[in-house]
Amino acid sequence: MEFLHNILCSDLEAAFLIILNLILIESLLSVDNAAVLATMVMDLPEKQRKKALKYGIIGAYVFRGLCLLFASYLIHIWWLKPLGGIYLLYLA
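For the structure given in this document, a descriptive report is provided here. Throughout this document, residue positions are counted from 1 along each chain, in the order its sequence is written. Note on the predicted model: pLDDT of at least 70 is required for a residue's local features to be given, and 80 or more for side-chain atom pairs to be given and counted; whole-chain, interface and lining totals, by contrast, use all residues. Just so you know, side-chain values use all the structure's heavy atoms and leave hydrogens and water out.

**Considering the overall build of the protein chain**
And step 1. Looking only at helices and strands, the protein chain has four helices and zero strands in total.
And step 2. Burial classes: relative accessible area under 20% of the type maximum marks a residue as buried, over 50% as exposed, and values in between as partly exposed (1.4 Å probe, protein chains only). Counting only residues that meet the buried cut, the protein chain has 8% of its 92 residues in that class.
And step 3. For the protein chain, the exposed surface amounts to about 8,200 Å²; the carbon and sulfur share of it is 75%. Per the convention used, a helix needs a DSSP run of H or I reaching at least four residues, while a strand needs a run of E reaching at least two, with both numbered from the N terminus. Per-residue and other accessible areas were derived by the Shrake-Rupley procedure at a 1.4 Å probe size, with only the shown protein chains allowed to occlude residues.

See the structure below:
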């Protein structure tokens, strides 16, 4: 919450650009989810296809929200940042 307060109370132009960037990223992720869901339900009968798409889209949003909450918790654990950096260097 403090992060959001800092964004909104700082320079209005910078806050607008950050929020616009987040909206763009969220849109791109939604398109990716829609493409994967459409591919997965293609072979289902029409009635089941609509139901599967509806539950899949709702599930994707719920899961993304839960992941965002979990990530906001993990950001506050200081030793995870260097550990993650070391892991990325290992992968490279």
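**Some details on the side chain of Arg64**
And step 1. Turning to its location among the elements, Arg64 is positioned in helix H3 (residues 46-74).
And step 2. Not counting residues within four places of it along the chain, the set of residues in contact with Arg64 comprises Glu26, Leu29, Ser30 and Asn33. Residues are treated as being in contact if the distance between any of their heavy atoms lies within 4.5 Å.

**So, the pattern of salt bridges**
And step 1. Within this document, salt bridges are pairs made up of a side-chain nitrogen of Lys or Arg and a carboxyl oxygen of Asp or Glu, the two lying within 4 Å of each other. Enumeration over the complete set of coordinates arrives at two salt bridges.
And step 2. The salt bridge partner of Glu26 is Arg64, with a shortest N-O separation of 2.5 Å. Here the residue Glu26 occupies a position in helix H2 (residues 12-41), and Arg64 occupies one in helix H3, the gap between them amounting to 38 residues.
And step 3. A salt bridge links Arg49 to Glu46; the shortest N-O distance between them is 3.2 Å. Of the two residues, Arg49 and Glu46 are both situated in helix H3; the distance of three residues between them amounts to about one turn of the helix.
And step 4. For Glu46, a relative accessible area of 44% corresponds to the partly exposed category.

**So, helix H4 (residues 80-91)**
And step 1. Relative to the 16 Å expected for 12 residues at 1.5 Å per residue, H4 spans 16 Å between its end C-alpha atoms, a close match to the ideal helical length.
And step 2. Here H4 lies mainly on the outside; zero of its 12 residues are buried. Expected span, for any helix, means 1.5 Å times one less than how many residues it has.

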